[in-house]
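# Working through the structure, step by step
Spelled out from the first residue to the last, the chains are:
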Amino acid sequence: MPRAKVKQVYFDHNATTPLHPEVKKALVAAMEVFGNPSSLHQFGREARKLVEDTRGKVAAFINASAEEIIFMGSGSEANNTVINLSSCQGYRKCEIPALKPNKREIITTKIEHPCVLESVACMEERGTKVKYIGVDSYGKINLNQLKEALSEDIGIVSVMAANNEIGTIQDISEVAKIVHAAGALFHTDAVQAVGKIPIDVEEIDADYLSFSAHKIYGPKGIGVLYVKKGAPFCPFIRGGHQEKGRRAGTENTLGIIGLGKAIEMRKNEMTDEAKRLAFFKKKLKAGIQKNISDIQFNGHPTESLSSTLNVSFGGAEGEAILLYLDLEGIAVSTGSACASGSLDPSHVLMATGIPQEQAHGSIRMSMGRETTEEEIDYVVERLTKVIKRVRQISTVAPGEKHG
Amino acid sequence: MDNTSDWLYTEKVKEHFMHPRNLLLEESSYQADGRGVIGNIKCGDEMLVMIKVDKEKNIITDCKWKTYGCASAIASTSVLSELAIGKTLDEAYKLSSHDIAKALGGLPEHKIHCSVLGDKALRAAIDDYYTRKGMLDKVREEKEHIICQCLGITDAEIENAVLEGARNYYQLQERTKIGTVCGKCKEKSMKLLDEYKAKYFPIPNK
């Protein structure tokens, strides 16, 4: 049965982004390039040139040098690679071992992406000591706790630049200073930051920094790890000379070219876009505040991504909100346990100390380059309707204290 | 892209989610003969079920509900209300989570607990009816103790799971979904698991 086409509003850019039209064009053109960049003949040389061009672009974008850029399969792989340094026992031509045996402990935060937390948990099970730094109610990490946790046994400290769920931005330059003063290496997962806020590896003084193309209108399946010149390294994927032996596997030429174009576009668009989105976010926030009672915004009120708004609705469960919004053509995500497949609500929201029911009732809206002011109005209108509906079904009246 | 194609759950779940049946709109003006609440919003699901009973025939003539929870929790209570109306109290008492899931055309593995809550909320309402009528011999709640607050799983169900073959915590969870929400009852339920194992399947002395 044919259905009336519903308006579509994509408010889930922190999950992934649509391809930039220019990236799409670049990808179509790049499909003609099939040579293996490692081959010495003209087909290989053509591919090699495109790969190295992108490396240069990526390096310039974050103020690194080309040889400090390693292409990988994803941001998750980049993060896994760094955390795994702590288990490197030395292997053949490795800079052996990556970290001194008495300097392999890890510090990270409670709000990292699962690809960091799971990798760290794996190291922990193998005997590495790990410390987890908490955050305040806005999701800012506790720098005093970090200072106290640091010791000469700490090898790596990994702190994300901007949080995917609540958008809170950390003072990573400050973190790097503290970490380096204690003689440890600093890694930042900048998947949600690169291409949204200015990132300069020299200014931050990061030893390692990860990001991914598909969060910035590039293709999926391509990530980047920046490794500061001279910083210890141990490959996670072995068995090839690619990326100077630091990441085996034939280069994802198509992905790399798409990433290059995405970066080029970010350079032109990100500053104006951030301003536009900051205005939209203000409007969205005001609209929600005006029309819906018993709400709570999660994340830092000012030091957060201008694209990201996380809000909890009293007496309404997140998955139900998400699916009713989906029927209205609006795509968002939720920190509710019900939606995740696991049965725990968002670890990020729980780390900020909010009650469990507030986490269950949370919705994350993340806007992007194609978001319009009209969409903000539409979302506020439909969200108001949906929350009213969910609360009508709910056992909990809005504003009702429970516990 | 059709935004309703390939929905997360079955068409039946979607139908009930979009058009919930027998929703309780005004609790204060609804004259119920029995009322049951199960679950906890901290765990992500809470269900309220209210029934009207034909006292002569012991038949449920009306069933209204409210649910704080996800789409499958809402659909589970909605379909439960349809299943309950017209049944005798004894029949309704026997409605299981399996019946609810079946009526919905199936639920994904991690959503079975939604249907587990539904049948318990109904039984709580029936128990409440019996309590109000002074028919305490019919009340099951009194004889059982809820161990898992999130899902309302009782010691009797742990006992049953052991009798059906659960021998460790994992198997117990597989059968009852106990402790799969907040997990706080783990210690208590493991203790009971050991007690029932010792009671029914003692290790013979040499």
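For the structure, see preceding data.
Below you will find a few notes about this structure. (Residues numbered from 1 in each chain as written. Chains lettered and ligands numbered in written order. Predicted model: local features only at pLDDT ≥ 70, side-chain atom pairs only at ≥ 80, totals over all residues.)

### Some remarks on the overall build of chain B
Broken down by element type, chain B carries eight helices and five strands. Mapped from its N terminus to its C terminus, chain B presents α and β elements in the order α-β-β-β-α-α-α-α-β-β-α-α-α. Its C-alpha atoms give chain B a radius of gyration of 18 Å, near enough to 17 Å, the size a compact globule of 206 residues would have. Taken along its principal axes, the extent of the C-alpha atoms in chain B is 65 × 55 × 25 Å. Out of the 206 residues in chain B, the part that is buried amounts to 47%. (Helix = DSSP H or I, 4+ residues; strand = E, 2+ residues; numbered from the N terminus. Rg over C-alpha atoms; globule rule 2.2 N^0.38 Å. Buried ≥ 20, exposed ≤ 12 C-beta atoms within 10 Å, placed from the backbone.)

### A look at the interface of chain B and chain A
On the side of chain A, 24 residues touch chain B, which itself brings 24 residues to the contact. At the level of elements, helix 1 (11–18), strand 2 (45–54), strand 3 (59–68) and helix 2 (71–84) of chain B are the ones that each hand at least two residues to the side of chain B that touches chain A. A per-class count over the side of chain B that touches chain A returns 13 nonpolar, seven polar and four charged. (Contact = placed C-beta atoms within 7 Å. Nonpolar A, V, L, I, M, F, W, Y, C, P; charged D, E, K, R; others polar.)

### Structural notes on the pairing of strand 3 (residues 105–109) of chain A
Residues and elements named next belong to chain A. Taking burial as the measure, the five residues of strand 3 include five buried ones, the bulk of the element. Residues Glu105, Ile107 and Thr109 line one face of strand 3 and the alternating positions Ile106 and Thr108 line the opposite face, and both faces are buried. Two elements, strand 3 and strand 5 (residues 154–158), share four bridges in a ladder whose sense is parallel. Considered in strand 5, the bridge of Ile107 is made with Val157. Taken together, the four bridges between strand 3 and strand 4 (residues 130–133) define a ladder with parallel strand orientation. Within the sheet, the bridge partner assigned to Ile106 lies in strand 4 and is Val130. (Pairing = 2+ DSSP bridges.)

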